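# Structural overview
Below, each chain spelled out in residue letters.
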Amino acid sequence: MKNIYLLALVMNFQLIQGENTKVVKIPEARLKMLDGEYAQLSDFNNDGLVIINFWTTGWPFCERQLAYLDQLNTSFSNTGLKVLSINLNKPKILNLVKPYVSKRKYKFDVSIDPRSKLADKLSVEGIPTIIFADKNGNILYRSSGYADGYENEYLKELIKYLDKENIPYDDFTFKDKASRRKEAIVDIDF
């Protein structure tokens, strides 16, 4: 039974890369930020590209993806890129978000959507979901689900946008902390 449940989860979170299903522009929306303040969704793409990421604290793939997005946010900030992370934890477990973000020291903006109102407006069908939107609010790319290697696709799409807009950028290499922890483990046979 457990295997059937896992298979159903995997099938539910299939990749929908490059498809602009249903929604072609980001809607105007009021966001509740993690710090309790409010912002407009359009505030995040004024300077250029915004990467909107829908995630939860309970899905293990979100942590690796968020670490990657945090590094993109820092490395490409001079290009106008902003990462907006929108947590979809249900109201009963919303209290897990702030410690989760704080522990990992993410530098991107975090909003909460416990009733999935914005997620519904943007036709989010799986977790995590990534949406790239330009300064006019046009959705350029979307990806739902996650597997190792998706980072390459995100970077490819980001570079495609920057090249198209003639925006200079520096080389980028993801520093995967999880991989470094694995490498630090030493196996000893006795």
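Above this text sits the structure in question.
Computed from a predicted model, the values in this text were never measured in an experiment.

## Points about the packing of aromatic side chains
Between two aromatic rings, the relevant description is the distance of the centres plus the angle of the planes. Applying the stated rule across the entire model yields 11 aromatic pairs. Consider the rings of Trp 59 and Phe 61, whose centres lie 6.0 Å apart with planes at 65°: the pair is edge-to-face. The class for Phe 61 is partly exposed, based on a relative accessible area of 38%. Aromatic pair Tyr 68 and Tyr 154: ring centres 6.3 Å apart, planes at 50°, arrangement tilted. Taken together, the positions of Tyr 68 in helix H2 (residues 60-75) and Tyr 154 in helix H5 (residues 150-164) put the pair 86 residues apart, joining distant regions of the chain. For Tyr 154, a relative accessible area of 0% puts it in the buried group. Taken together, the ring pairs in this structure connect Tyr 68, Phe 76, Tyr 154, Tyr 169, Phe 172 and Phe 174 into an aromatic cluster. Against the face of Tyr 38 rests Arg 30, its NZ or CZ located 3.8 Å from the ring centre.

## Section: the sheet that holds strand E6 (residues 129-133)
If you trace the seven strands from one edge of the open sheet to the other, you get E2-E1-E5-E4-E3-E6-E7, paired in mixed fashion. Edge positions in the sheet fall to strand E2 (38-40) and strand E7 (139-144), since each of these pairs with one other strand and no more. Between one strand axis and the next, the sheet turns through 30° on average, direction left out of account. Bridge count for E6 against E7 is five bridges, and the pairing is antiparallel. Opposite Ala 133, over in E7, you have Ile 139 as the bridge partner.

## Overview of the nonpolar core
The biggest cluster of nonpolar side chains holds 52 residues, and the ones touching the most others in it are Phe 54 and Leu 72. Contact partners of Phe 54, with chain neighbours within four places excluded, come to Ile 86, Leu 88, Asp 113, Leu 118, Ala 119, Leu 122, Val 124, Ile 127, Pro 128, Thr 129 and Ile 131.

## Looking at the pattern of salt bridges
The final tally for this structure, using the stated rule, is seven salt bridges. Residue Arg 104 is joined to Glu 63 by a salt bridge in which the shortest nitrogen-to-oxygen separation is 3.0 Å. Taken as a pair, Arg 104 in helix H3 (residues 97-104) and Glu 63 in helix H2 lie far apart in primary sequence, 41 residues in all. With a relative accessible area of 23%, Arg 104 lands in the partly exposed category. In this structure, Lys 164 engages Glu 165 in a salt bridge whose closest nitrogen and oxygen atoms are separated by 4.0 Å. Glu 165 sits in the partly exposed class, given a relative accessible area of 31%.

Cut-offs used in this document
Residues numbered from 1 in each chain as written. Predicted model: local features only at pLDDT ≥ 70, side-chain atom pairs only at ≥ 80, totals over all residues. Heavy atoms only, no water. Phe/Tyr/Trp six-rings, centres within 6.5 Å; stacked < 30°, edge-to-face > 60°. Buried < 20%, exposed > 50% of the residue type's maximum accessible area, 1.4 Å probe, protein only. Helix = DSSP H or I, 4+ residues; strand = E, 2+ residues; numbered from the N terminus. Lys NZ or Arg CZ within 6 Å of the ring centre and 35° of its normal. Pairing = 2+ DSSP bridges. Axes fitted to C-alpha atoms, helices over the stretch in contact; angles between N-to-C directions. Core = buried A, V, L, I, M, F, W, Y, C linked by side-chain atoms within 4.5 Å. Contact = heavy atoms within 4.5 Å. Salt bridge = Lys/Arg side-chain N within 4 Å of Asp/Glu carboxyl O.

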